[in-house]
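Architecture and fold: a report
If you want the building blocks of each chain, they are given just below.
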Amino acid sequence: MAASTHDFSRWLEGELRSDHAGETGAVWIYKGVLAARPDAQLRQFCERHLKTEENHLAQMNALLPRDAHSALLPLWRLAGFLTGFIPAFFGQKAVYQTIEAVEAFVQTHYQQQIVHPDLIAAPDIRATLEACLTDEISHKDEAASLAGTERSALARLWCWLVGAGSKHAVALARLL
């Protein structure tokens, strides 16, 4: 990665890189579901959420210079695509459960960032992340209401893998 020409702290650059990588993955989750040719209801849900995630990605692109993007963007696209594509074959509820798991992780991630002193000192960036957080909570709540409360053992395992994978992806994206 080339040397950056911006004035972010090392912490903030890593966090914004992880946010950019995460929003890239989110866009590709919905593209993955849509590639599986879901029914009209799920397609509408995904198309609506995809627009929001594309907006978040555009905001991250505006905040984070290209030279600071994750070197692993192709991996984040593939991981996102598979995270959407695989559960789409198990039905709507599996997709909604996956989205709920992803967004629960993202909610915690953004909430931890927003209270950091580097973001308190950067109110414009903080406001952008707070707006994204509001959208992500809405996505999580909507998916949860559509998923229902019943989870098979396979669904619980998959959602745990999604959360653990998200946690590891953030750690890696902060560095690369």
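Residues numbered from 1 in each chain as written. Predicted model: local features only at pLDDT ≥ 70, side-chain atom pairs only at ≥ 80, totals over all residues. Heavy atoms only, no water.

1. Some details on the confidence of the model for the chain
On average, residues of the chain score 91 in pLDDT, and 96% of them reach the 70 mark or higher. Of all the helices and strands in the chain, helix α5 (residues 117–120) carries the lowest mean pLDDT, 82, while helix α3 (residues 73–88) carries the highest, 96. In this model residues 1–5 is a low-confidence stretch, pLDDT under 50, and it forms 11 contacts with partners more than four residues away in sequence or in other chains. (pLDDT = per-residue confidence, 0-100. Helix = DSSP H or I, 4+ residues; strand = E, 2+ residues; numbered from the N terminus. Contact = heavy atoms within 4.5 Å.)

2. Side note on a nonpolar patch on the surface
On the surface, L78, L82, I86, F89, F90, L154, L157, W160 and L161 cluster together to form a nonpolar patch covering roughly 960 Å² of accessible area. Broken down by secondary-structure element, the contributors of at least two residues to the nonpolar patch are α3 and α7 (153–175). Residue contributions to the nonpolar patch peak at four residues, all from α7. The topology assignment puts W160 in helix α7. By relative accessible area, which is 57% here, W160 ends up exposed. (Patch = residues over 30% accessible without salt bridge, like charges linked within 9 Å, V, L, I, M, F, W, Y side chains within 5 Å. Areas by Shrake-Rupley, 256 points an atom, 1.4 Å probe, with all protein chains shown as cover. Salt bridge = Lys/Arg side-chain N within 4 Å of Asp/Glu carboxyl O. Buried < 20%, exposed > 50% of the residue type's maximum accessible area, 1.4 Å probe, protein only.)

3. Re the packing of aromatic side chains
Under the definition given, this model contains four aromatic pairs. Pairing F81 with F85 gives two aromatic rings, centres 5.3 Å apart and planes at 20°, and the pair type is stacked. Placement of the pair is F81 and F85 together in helix α3, with a separation of four residues, close to one helical turn. Looking at F81, the relative accessible area reads 22%, which means it is partly exposed. Among the aromatic residues, ring-to-ring pairing joins Y30, F45 and Y96 into one connected group. Over the ring of W28 we find K31, and its NZ or CZ is 4.4 Å from the ring centre. (Phe/Tyr/Trp six-rings, centres within 6.5 Å; stacked < 30°, edge-to-face > 60°. Lys NZ or Arg CZ within 6 Å of the ring centre and 35° of its normal.)

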